[in-house]
Amino acid sequence: MKRTVILVALALSLVVSASAQTKSGYQFTDGKLVKTTPVKDQFRSGTCWCYSGLSFIENEILRAGGEEMDLSEMWIVRNIYFEKAVKYVRMHGNLKMAVGGAFHDVTKGIEKYGIVPQEVYQGLNYGTEKNVFGEIDAVLKAYVDAVVKNKNRKLTTAWKDGLNAILDTYFGKMPEKFTYKGKEYTPHSFAESLPVKMSDFTFVTSYTHHPFYEQYIVEVPDNWMWEKAYNVPLNELMEIVDNALANDYSIGWAADISERGFSRTKAIAIVPEDNIESMSGTEASRWGQLTPQERAKELYSFEKPVKEKKITQEMRQLAFDNYENTDDHGMVIIGTATDQAGNPFFKVKNSWDNKPPYGGYWYFSRPFVEYKTMEIMVNKNAIPKAIRKKLGL
């Protein structure tokens, strides 16, 4: 009996050992994580800015001791679409008229229109269970283009009513009052009941074509509101990220994900080092013997940790100037992690549903965040005091 048990134990240990030896891919160990609400699904809509912006605010509510909230993204989207359409017409059509936006669309939207829980306003008044925006986007763009191109030489008094009628038809009429957990609210009184203030949130970026420690309008198409962000050096931008997470603050993260180092199937993003001049010895020799196809396969297989580029301020600026860094996607940084080689990563909450391999969360390497961050939204109290002083906050 004892001999059988020993043999079984030995067999199991060999299986486990073999499995460990053959296991490939990145393996992450989470570090400091902040409280966050469940992953959501923006589905077929370009509303990542709203999902990530409201997720950040939901996290802030938790951090402030409030209850877990599920706030209505479509409440913000519907109202911001109206604001954008009005500005599009005022600009004679010379503005990006699409559903894309930025984090300050969320904070400004709450300040102007209040906010409601998801159960009060789902924004699905067109026959689907999830957001499907193809028709909505096309109809609204066609409508405002018709208004701009009208032959009356002046706008009618009815065009805004027509716009609201379209928005109400697709998203549903907005309630003036509602009851939530036994208490009656208006959208504004509900916003005021939350333990957070939109004025506590600020925006930070890092580019050299404007002076550091000043605010400027980040020149990207989705910044249709022309709102400003504070400009700091790259090392201080990362100090803000590190300090925020260390003190239980999450970070709204606007980033570019168009690079090959971003894997949708692996839920990982890296910036592999592909410059042979940065290598030495046998590594450089081996790399020099590979074909371009072999190099690409090795760099982007995600089968094991690879050496990544050292990101500089100059690299960021060049990528921005060459349209390689664009306002591509909004997410929320909720913690830190390391891979099996000890390389630092950030754990990031996405809005592409609760999917494998990490349940809707992604792992972005520190170099990727340094390189591809367009802008962050953060509670101003999460900014280190020395940097806050430089910004006049």
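Computed from a predicted model, the values in this text were never measured in an experiment.

**With respect to the environment of N379**
In this structure, N379 sits in strand β13 (residues 373-379). Residues N379 and F56, spaced 323 residues apart in sequence, show a C-alpha to C-alpha distance of 9.7 Å. Apart from residues lying up to four places away in sequence, N379 is in contact with F56, E60, R63, D200, F201 and Y249. Separated by 2.8 Å, the side chains of N379 and E60 make a polar contact. Here N381 takes part through its backbone nitrogen, which lies 2.9 Å from a polar atom of the side chain of N379.

**As for the environment of F178**
Mapped onto the elements of the fold, F178 is located in strand β2 (residues 178-180). Overall, F178 belongs to the buried group, its relative accessible area being 7%. In sequence terms F178 and V116 are 62 residues apart; their C-alpha atoms lie 8.6 Å from each other. Setting aside residues up to four positions removed in sequence, F178 forms contacts with I115, V116, P117, V120, K183, E184, Y185, T186, P187 and F190.

**Structural notes on helix α3 (residues 73-90)**
With 18 residues, α3 extends 26 Å from end C-alpha to end C-alpha; this agrees with the ideal 26 Å at 1.5 Å per step. By the N-cap criterion, in which a side-chain oxygen at the helix start approaches the backbone nitrogen of a residue two or three places on, α3 is capped by S72, the distance to W75 being 3.1 Å. One or two positions beyond α3, positive phi appears at H92, with a value near 55°.

**Overview of unusual backbone geometry**
Here the amide bond leading from P356 into P357 is cis, since omega sits at 5°, within 30 degrees of zero. Residue position: P357 is located in the loop between β11 (344-349) and β12 (361-365). Phi is positive for R153, which is not a glycine, with a value near 70°. Mapped onto the secondary structure, R153 falls in the loop between α5 (134-148) and α6 (159-171). Phi is positive for W226, which is not a glycine, with a value near 60°.

**Some details on the packing of α3 against α5**
Interaxial distance between α3 and α5 falls to 9 Å at its minimum, and their mutual angle equals 30°. Relative to α5, α3 is oriented roughly parallel. α5 is crossed by α3, and the crossing has right-handed handedness. Between α3, through Y81, A85, Y88 and V89, and α5, the contact on the second element is made entirely by I136, D137, L140, K141, V144, D145, V147 and V148. Tallied by class, the residues present in the contact of α3 with α5 amount to nine nonpolar, no polar and three charged.

**So, the nonpolar core**
Membership of the largest hydrophobic core comes to 63 residues, with the highest contact counts inside it found for I57, I76 and I115. When residues of this core are assigned to their parent elements, the largest contribution, 11 residues, is made by α3. Setting aside chain neighbours within four positions, we find I57 in contact with L71, V106, I110, V196, M198 and F201. Judged by nonpolar contacts, the second largest core, of 41 residues, contains V241, A255, F262 and L391.

**Observations concerning empty space enclosed by the protein**
The full count for this structure, using the stated rule, is one cavity of 30 Å³ or more. By volume, the largest cavity amounts to about 50 Å³. Looking at the largest cavity, the residues that line it are P38, K40, Y51, S52, S55, G330, K349, N350 and S351. Looking at the lining of the largest cavity, the element that brings in the most residues is helix α2 (residues 48-63), giving three residues.

**A closer look at the pairing of β12**
The buried fraction of β12 amounts to five of the five residues, a majority that puts the element mostly inside the structure. Residues Y361, Y363 and S365 of β12 are buried on one face, and the alternating residues W362 and F364, pointing to the opposite face, are buried as well. Sheet analysis places strand β9 (residues 268-269) next to β12, joined by two bridges and oriented parallel. Across the sheet, I268 pairs through a bridge with Y363, a residue of β12. Sheet topology places β11 next to β12; five bridges connect them, and they run antiparallel. By the bridge assignment, K347 is partnered in β12 with Y363.

**Concerning the packing of α3 against α6**
Here α3 crosses α6 at 155°, and the two axes come no closer than 11 Å. Between α3 and α6, the crossing angle belongs to the class labelled roughly antiparallel. By crossing handedness, the relation of α3 to α6 is classed as right-handed. On α6, the residues touching M74, V77, R78, Y81, F82, A85, V86 and V89 of α3 are W159, K160, L163, N164, L167, D168 and F171. In terms of residue class, the contact of α3 with α6 is made up of 11 nonpolar, one polar and three charged.

Calculation criteria
- Residues numbered from 1 in each chain as written.
- Predicted model: local features only at pLDDT ≥ 70, side-chain atom pairs only at ≥ 80, totals over all residues.
- Heavy atoms only, no water.
- Helix = DSSP H or I, 4+ residues; strand = E, 2+ residues; numbered from the N terminus.
- Contact = heavy atoms within 4.5 Å.
- Polar contact = N/O pair within 3.5 Å; in protein donor to acceptor, adjacent residues only side chain to side chain.
- Buried < 20%, exposed > 50% of the residue type's maximum accessible area, 1.4 Å probe, protein only.
- Expected span 1.5 Å × (residues − 1).
- Axes fitted to C-alpha atoms, helices over the stretch in contact; angles between N-to-C directions.
- Parallel < 35°, antiparallel > 145°, perpendicular 65-115°, else oblique.
- Left-handed = near helix turned anticlockwise from the far one by under 90°.
- Nonpolar A, V, L, I, M, F, W, Y, C, P; charged D, E, K, R; others polar.
- Core = buried A, V, L, I, M, F, W, Y, C linked by side-chain atoms within 4.5 Å.
- 1 Å grid on protein atoms, 1.4 Å probe; cavity = no way out; pocket = protein on both sides within 12 Å on 5 of 7 lines; lining within 4 Å.
- Points joined across faces, edges and corners; volume = space filled by probe spheres on them.
- Pairing = 2+ DSSP bridges.

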